[in-house]
Amino acid sequence: MKHCLVVDDSSVIRKVARRILEGLDMKISEAENGQTALALCQQAMPDGILLDWNMPVMDGYEFLGKLRSLPGGDAPKVVFCTTENDVSHIARAMRAGADEYVMKPFDREIITSKFAEVGLI
């Protein structure tokens, strides 16, 4: 069973993502910001990360840079979530090390498609 970390400051988004991903037979961990997510990754590196971009404490961009510098931090497939549809914003995330992105709001079909694209399902 693959392990996915859902990182979002919204408990509603984390709950929706958890339901979708558990339905895809994944083990789920949750974090409300990048700092907490980084600590979880240092304990046990997940297979995939669904990452919000705009969060307090440590945003998705800073988290991604720190994740990719950890031993084994290049392994997780990172799908970042955003409400921003600006191409430059998306390009910045991809350059930072994201593997794919989804726009909020998302549904099961979108998550399934993106996770399949990066090889998580």
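All values derive from a computational prediction rather than experimental measurement. Within every chain, residues take consecutive numbers counted from 1 along the sequence as written. Where totals are concerned, whole chains, interfaces and linings use all residues; where local detail is concerned, this predicted model gives features only for residues with pLDDT of at least 70, and gives and counts side-chain atom pairs only at 80 or more. As a rule here, side-chain values come from all non-hydrogen atoms in the structure, and water together with hydrogens is ignored.

Moving on, we come to the pairing of strand β5 (residues 100–103). Where burial is concerned, the two faces of β5 differ: the one with Glu100 and Val102 is buried and the one with Tyr101 and Met103 is not. With strands facing away from the observer, any crossover in which the path from the first strand over the helix to the second runs clockwise is taken as right-handed. Numbering of helices and strands runs from the N terminus; a helix is a DSSP stretch of H or I covering at least four residues, while a strand is a stretch of E covering at least two. A crossover connection joins strand β4 (residues 77–82) to the parallel β5 through helix α4 (residues 87–96); in handedness this β-α-β unit is right-handed. Burial status follows relative accessibility: with a 1.4 Å probe on protein chains alone, a residue under 20% of its type maximum counts as buried, one over 50% as exposed, and anything between as partly exposed.

Below, the discussion takes up the UniProt feature "modified residue: 4-aspartylphosphate" (unreviewed entry) in the protein chain. UniProt positions are given in the numbering used here, feature names are shortened, and annotations may be inferred rather than shown by experiment. As annotated by UniProt and renumbered to match this structure, "modified residue: 4-aspartylphosphate" (unreviewed entry) occupies Asp52. Along the chain, aspartate 52 turns up in strand β3 (residues 48–52). Once you skip the residues sitting within four places of it in the chain, aspartate 52 turns out to touch Val7, Asp8, Asp9, Gly60, Cys81 and Lys104. Contacts between residues were defined by any pair of non-hydrogen atoms, one from each residue, lying within 4.5 Å.

Take the UniProt feature "domain: Response regulatory" (unreviewed entry) in the protein chain next. Residues annotated in UniProt with the feature "domain: Response regulatory" (unreviewed entry) correspond here to residues 3–119. Across residues 3–119, the secondary structure splits into 45% helix and 21% strand, with the terminal C-alpha atoms separated by 13 Å.

The next point concerns the environment of cysteine 4. As for its placement among the helices and strands, cysteine 4 is situated in strand β1 (residues 3–7). Along the backbone, cysteine 4 and cysteine 41 are 37 residues apart, and their C-alpha atoms lie at a distance of 11 Å. Not counting residues within four places of it along the chain, the set of residues in contact with cysteine 4 comprises Leu21, Met26, Lys27, Ile28, Ser29, Gly48, Ile49, Leu50 and Phe115.

A sheet is described by the order of its strands in space; here five strands give the open sequence β2-β1-β3-β4-β5, paired in parallel fashion. Edge positions in the sheet fall to β2 (27–31) and β5, since each has one partner strand and no second. Between one strand axis and the next, the sheet turns by 20° as a mean value, whatever way the strands run. A pair of strands is considered paired only if DSSP assigns at least 2 bridges between the two. In this sheet, β2 lies alongside β1 in parallel orientation, the contact comprising five bridges. Bridging across to β2, valine 7 finds its partner in alanine 31. Only the stretch in contact is used when a helix axis is fitted, and all axes are lines through C-alpha atoms; the angle between N-to-C directions ranges over 0 to 180 degrees. Against the sheet, helix α1 (residues 11–23) contacts β1, β2 and β3, and its axis sits at roughly 165° relative to β2. The strands touched by α4 are β4 and β5; relative to β4, the strand with the most contacts, the crossing angle is about 160°.

Let's shift gears to α4. Burial in α4 covers these residues: His89, Ile90 and Ala93. Down the axis of α4, the smallest arc covering the buried residues is 95°, so these residues share one side. Seen from the buried face of α4, the exposed residues on the opposite side, beyond 90 degrees, are Val87 and Arg95. Looking at the packing, one finds that the buried side of α4 touches α3 (60–69), β4 and β5. In the stretch just after α4, glycine 97 is the one whose phi turns positive, near 120°. Each C-beta atom gives one direction from the helix axis, and the arc is the one those directions make.

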